[in-house]
Amino acid sequence: MLARHRQSLILQAVRNDGSARVSDLTQQLGVSDMTIRRDLEVLAKDGLVEKVHGGAVLPGSHVGHEVGFEDKLVLERPEKSVIAHAAAALVRPNTAVAIASGTTTFALAQCLLDVPGLTIVTNSLRVAGLFATSHGPESGSVVLTGGMRTPSDALVGPVADLTIGSLHFDTLFLGCTGLDPEAGLSTPNLAEAETNRALINRARRVVVLADHTKWGVVSLASFAPVDKIDVLVTDAHLPTDARSALAGKVGEIVF
């Protein structure tokens with residue numbers, strides 16, 4: 001099938017349903033997810049669709065929409081798993097670690113349950129729940145920020161920001177909805193963007209966990225430029241142009 005014909009079918013699918021998922025398009029058209037993502041890049045550059053995490057939507061329809069935790073949990077599971085394990089190698093026992101809300105950071109938290117002496121600061125109800133049960137005599141402690149709950153089970157807002165402002169932690173792990181060289185890190189939730197900024201301001205080291213599908217996506221609220229990232233942990237499918245754009249701006253990239 002010619003690329004133009006395939007892109008026409010993708011555009012028709014987006015227009016019919018208002019959105020289209022990469023996983024569905026790969027099955028319908030019998031091509032790889034990378035081929036679909038390249039097609040979406042072409043359509044996005046022409047202004048016909050907007051890229052979002054896991055697929056595409058009609059222009060202007062996604063910026064304020066926040067997907068629930070369970071819906072995001074099923075997206076890019078293999079990538080999230082390998083990113084989480086790579087990020088876990090950056091954690092040392094007996095340190096203070098902040099883990100922001102998100103499905104990739106949740107996968108990281110699952111890898112840290114047996115690391116002794118950690119103090120976990122989190123605004124994620126899911127992450128706090130993981131550490132709620134003691135995992136032995138050397139298990140650490142959990143500080144839950146408090147705040148208003150979002151559809152993705154994050155606690156955000158003034159209460160969360162006030163708590164975070166009084167703390168200090170060695171490493172912050174956080175995700176994002178979009179990663180763009182100009183817009184930086186972004187999320188659809190305004191209050192969550194502010195809380196993420198508060199977390200970044202109190203961290204000695206900022207580690208961002210983002211799979212390749214986040215690249216080029218711009219959501220409603222930016223909360224940090226890319227040069228705030230000390231370490232980016234991503235997967236090997238990150239496009240070549242992304243690697244070039246991030247070189248010299250991000251402290252380190254771990255694939």
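It should be emphasised that the depicted structure is a prediction, and the values quoted were computed from it without experimental measurement.

> What is the right way to look at the packing of aromatic side chains in this model?
Each aromatic ring pair is described using two quantities: the centre-to-centre distance and the angle formed by the ring planes. One pass over the full model with this rule turns up 0 aromatic pairs. The ring of Phe-255 has Arg-243 lying over it, and the distance from NZ or CZ to the ring centre is 4.2 Å.

> Honestly, the sheet that holds strand β13 (residues 221–224) in this entry has me stumped. Any pointers?
In a beta sheet, neighbouring strands pair by backbone hydrogen bonds and run either parallel or antiparallel. Within the open sheet, the 3 strands sit side by side as β10-β11-β13. Their pairing is antiparallel. Only two strands of the sheet have a single neighbouring strand rather than two, namely β10 (178–180) and β13. The mean angle between the axes of side-by-side strands here comes to 35°, regardless of whether they run parallel or antiparallel. Two elements, β10 and strand β11 (residues 184–187), share 3 bridges in a ladder whose sense is antiparallel. Each residue of the ladder has a partner; that of Leu-179, found in β11, is Leu-185. In the packing of helix α9 (residues 190–201) onto the sheet, the strands contacted are β11 and β13, and the crossing angle to β13 comes to about 5°.

> Would you explain the sheet that holds strand β6 (residues 141–144) in this entry?
Spatial ordering of the open sheet is given by β6-β5-β4-β9-β12-β14-β15, a layout of 7 strands whose pairing is parallel. Edge strands, defined here as strands with exactly one partner in the open sheet, are β6 and β15 (252–254). Shown here is a sheet whose adjacent strand axes are inclined to one another by a mean of 20°, direction ignored. Pairing of strand β14 (residues 231–233) with β15 involves 3 bridges; the strand directions are parallel. Looking at the pairing, Leu-232 lines up with Ile-253 of β15.

About the criteria used
- Residues numbered from 1 in each chain as written.
- Predicted model: local features only at pLDDT ≥ 70, side-chain atom pairs only at ≥ 80, totals over all residues.
- Heavy atoms only, no water.
- Phe/Tyr/Trp six-rings, centres within 6.5 Å; stacked < 30°, edge-to-face > 60°.
- Lys NZ or Arg CZ within 6 Å of the ring centre and 35° of its normal.
- Pairing = 2+ DSSP bridges.
- Helix = DSSP H or I, 4+ residues; strand = E, 2+ residues; numbered from the N terminus.
- Axes fitted to C-alpha atoms, helices over the stretch in contact; angles between N-to-C directions.
- Contact = heavy atoms within 4.5 Å.

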